[in-house]
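Residue-level listing of the chains:
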Amino acid sequence: MRLAVIGTGLIGASVGLAAKRAGATVSGFDDDEATAELALERGAVDEVKPTLGEALGEAELAVVAVPVGRLAAQVRTVLEASADDCTVTDVGSTKTAVCEAAAGSPRFIGGHPVCGSEARGPAHATADLFERATWFLSPLPHSDPTRYRLVHGFVGDLGAVPVAIDPGSHDRLVALTSHLPHVLANVLVNHAGATRIDGHEPLSSAGGSLRDMTRVAGANPRIWVDIFLENAGALRAALAEHRRGLEQVDAALASGDAGFLARWIGEAARNRRGMISEAYGDPGELHTLRVHVPDRPGVLAGITQALGAERINIEDFELQHQSPERGGDLTVLVAGEREAERAAALLEAQGYGVVVALALDE
């Protein structure tokens, strides 16, 4: 396949790397020449073109990977500048505006890979970024079925799982599952950062709960301001529903309604169980091992290598650093009670204190 990548940042360069691995020939274009040259150095594109028209050239597929705030205008430009046999898609995290910008073109199929990282730029690009990731596709009634099949197959070749969704439904879904969590993380950490309680600073004594819930706080404003504004309608609706939920909890606290609170927590537990099962399979089999580790080189490598040598599979892990003096708490996720017991015995034999629990009891 002859592919044109328009915008060679983290996602665009990762598309190029994954597409080249699948056998595509990739040309690239970016308004920022330094970004494009770095993508070329990383091997994400075979050549950088000086103009958009030259990059599109004889491309069979063009992937528009510019920031959300510029996406709609760029898609229109690419559709105008590309040949009739060139299919156009994008990787933006909102879909309504860009699909409207395509103005009914049968050549455009909206797309959104649900992946990425806090890092940005082609220096952090990787061909494995899309492995097993959901990649939303938004075909419209006027979309050419042949072109949809082309994009669907391309996404699969990159290692992702294509999922068809209406643009409006997509934007409501990501407002709830992605954009709202970013808003709430910012609200929580800013609230704690602006508060003093009898002279104490909450952030200096924050526990794991606040750190867990605010991991995405302070994400790159150059990206997230555009996302918030582009999806403002769906995000405001999600915020309104969230406020209603908070009002229910507030009313239960005011009236001492323990029954409501118990049902509310139980519902959350069931929903979380369903979410975990999507990621790991049977959540009832998952066990966490909490290990306090010192802050010194080689500690994590030693633990993972020791477990690996005994063929104990780590489903997931997380390190919460406390300080250079106090070290941190390592949480290791292992499937199966027997495997968890084996892992705990192995680590205890190395001198670590280990606490084992069912993941859903955490």
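This structure is a prediction, so every number in the text was calculated from the model and none was measured.

Parameters and conventions
- Residues numbered from 1 in each chain as written.
- Predicted model: local features only at pLDDT ≥ 70, side-chain atom pairs only at ≥ 80, totals over all residues.
- Heavy atoms only, no water.
- Buried < 20%, exposed > 50% of the residue type's maximum accessible area, 1.4 Å probe, protein only.
- Helix = DSSP H or I, 4+ residues; strand = E, 2+ residues; numbered from the N terminus.
- Pairing = 2+ DSSP bridges.
- Right-handed = clockwise from strand over helix to strand, strands pointing away.
- Polar contact = N/O pair within 3.5 Å; in protein donor to acceptor, adjacent residues only side chain to side chain.
- Contact = heavy atoms within 4.5 Å.

Enquirer: Before we go on, may I ask you to explain the pairing of strand β5 (residues 87-90) in this structure?
Expert: A regular strand places its side chains so that they alternate between the two faces of the sheet. In β5, alternate side chains face the same way, and those of Thr87 and Thr89 on one face and Val88 and Asp90 on the other are all buried. Where strand β4 (residues 61-64) and β5 come together, four bridges link them in parallel fashion. Residue pairing in the sheet places Val64 in a bridge with Asp90 of β5. Running through helix α4 (residues 68-81), the crossover from β4 to the neighbouring parallel element β5 is right-handed. Of the strand pairs in this sheet, β5 and strand β6 (residues 108-113) are connected by two bridges, and their pairing is parallel. Among the inter-strand pairings, Val88 is bridged to a residue of β6, identified as Phe108. Once you follow β5 into helix α5 (residues 96-101) and on to β6, the crossover reads as right-handed.

Enquirer: Please clarify how the side chain of Ser143 should be interpreted in this entry.
Expert: Looking at where Ser143 falls in the secondary structure, it is placed in the loop between β7 (134-138) and α6 (145-157). Residue Ser143 is classed as buried on the basis of its relative accessible area, which comes to 10%. Within the structure, the side chain of Ser143 is placed 2.8 Å from the backbone nitrogen of Leu140, a separation counted as a polar contact. If sequence neighbours within four positions are ignored, Ser143 has contacts with Pro106, Phe108 and Ile109.

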